[in-house]
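# Fold and geometry: a report
Next come the chains, spelled out residue by residue.
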Amino acid sequence: MAKAINWPLRFRQIVLGEDDQSLHSAFRPNRLYFDGGYWVDGERVDIRVNHLVTRKAHIVGDLELCALKDLSEDVLKRHKPGVQTMAEVLTYLQEVYPEAHVTPETLLTVVTYRNEPVDETIIERTSSDPHM
């Protein structure tokens, strides 16, 4: 079963248009993914949009844990366009994870990945990951 990083539908064209050379980051509120070691360096994962597989990627490096207010500029610039400042990340996480009650002090799990080239045969395929 493939693990995944899921993005809201509004990021579909961005995910499809990203290159396969740059590093990208995703943030998840709290410690759950970090403490469980959910993503592992070198692991191949699905990149989903609206829970449908859009492309594949590889995890790069270890998971990081830090407060939202302490995210570095390098990490912020690897997130999706429009979600690259602390204020934008705060608003985004509050919208996507309302139950997490995200504040600037909230700990975030940070995962970094590099996309594989887009494979037209897997776009919008249902993923087999039970953690949806």
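Whatever comes next refers back to the structure up there.
A brief structural summary. (Residues numbered from 1 in each chain as written. Predicted model: local features only at pLDDT ≥ 70, side-chain atom pairs only at ≥ 80, totals over all residues. Heavy atoms only, no water.)

### Notes on the overall build of the protein
Spelled out, the test is: Numbering of helices and strands starts at the N terminus; helices are DSSP runs of H or I of at least 4 residues and strands are runs of E of at least 2. Between the two quantities, the radius of gyration covers C-alpha atoms and the globule rule is 2.2 Å times the number of residues to the power 0.38. Think of it in three bands: residues with accessible area under 20% of the maximum for their type are buried, residues over 50% are exposed, and the middle band is partly exposed, with areas taken using a 1.4 Å probe on protein chains only.
When helices and strands are counted, the protein shows four helices and seven strands. Listed by position from the N terminus, the elements making up the protein come as β-α-β-α-β-β-β-α-α-β-β. Since a compact globule built from 132 residues should have a radius of gyration of about 14 Å, the 14 Å found for the protein is in line with a globular shape. A principal-axis box enclosing the C-alpha atoms of the protein has dimensions of 40 × 30 × 25 Å. Burial statistics for the protein: of 132 residues in total, 44% are counted as buried.

### Comments concerning the side chain of Glu-116
Formally: What qualifies as a polar contact is a pair of N or O atoms within 3.5 Å, subject to a donor-acceptor requirement within protein and to the restriction that residues adjacent in sequence count only when both atoms come from side chains.
Here Glu-116 is to be found in the loop between strand 6 (107-115) and strand 7 (125-126). Here the side chain of Glu-116 touches Arg-44 through a polar contact of 2.7 Å, side chain to side chain.

### Here we look at the nonpolar core
Here is the rule we go by: Here, the term nonpolar core denotes a set of buried Ala, Val, Leu, Ile, Met, Phe, Trp, Tyr and Cys residues that are joined through side-chain atoms within 4.5 Å. Contacts were defined at the residue level, with two residues in contact if any of their heavy atoms lie within 4.5 Å.
Of all hydrophobic cores here, the largest spans 31 residues; its most connected members are Ile-5, Trp-7 and Leu-71. Those elements that provide at least two residues to this core are strand 1 (4-7), strand 2 (23-29), strand 3 (44-49), strand 4 (52-59), helix 3 (73-77), helix 4 (86-96) and strand 6. The residues touching Ile-5, leaving out its near neighbours within four places in the chain, are Ala-26, Arg-28, Trp-39, Val-45, Asp-46, Ile-47, Arg-48, Ile-59, Val-111 and Tyr-113.

### Regarding the pairing of strand 6
Note the threshold: Any two strands are treated as partners once DSSP identifies two or more bridges connecting them.
With seven of its nine residues buried, strand 6 lies for the most part within the structure. Sheet analysis places strand 2 next to strand 6, joined by seven bridges and oriented antiparallel. Paired with Pro-29 across the bridge in strand 6 is Leu-108. Pairing analysis gives three bridges linking strand 4 to strand 6, with the strands arranged antiparallel. Residue Ile-59 lies in a different strand from strand 6, and its bridge partner there is Tyr-113. Pairing of strand 5 (residues 64-67) with strand 6, which is carried by four bridges, proceeds in the antiparallel orientation. In the strand pairing of strand 6, Ala-67 is matched with Leu-107.

### A word on unusual backbone geometry
Unusually for a residue other than glycine, Asn-30 sits at a positive phi of about 80 degrees. By the element assignment, Asn-30 lies in the loop between strand 2 and helix 2 (32-35).

### Focus: the pattern of salt bridges
Where charged atoms from two side chains of opposite charge come close, those side chains can pair. Counted only if it meets this: Any carboxyl oxygen of Asp or Glu that lies within 4 Å of a side-chain nitrogen of Lys or Arg is treated as forming a salt bridge with it.
Enumeration according to the criterion identifies seven salt bridges in this entry. Arg-10 serves as the salt-bridge partner of Glu-95, at 3.9 Å between the closest nitrogen and oxygen. With Glu-95 in helix 4 and Arg-10 in the loop between strand 1 and helix 1 (12-17), the pair connects residues that are 85 residues apart, well separated along the chain. We note that Glu-95, like Arg-10, is exposed. The closest approach of N and O atoms between Asp-35 and Arg-31, which form a salt bridge, is 3.0 Å.

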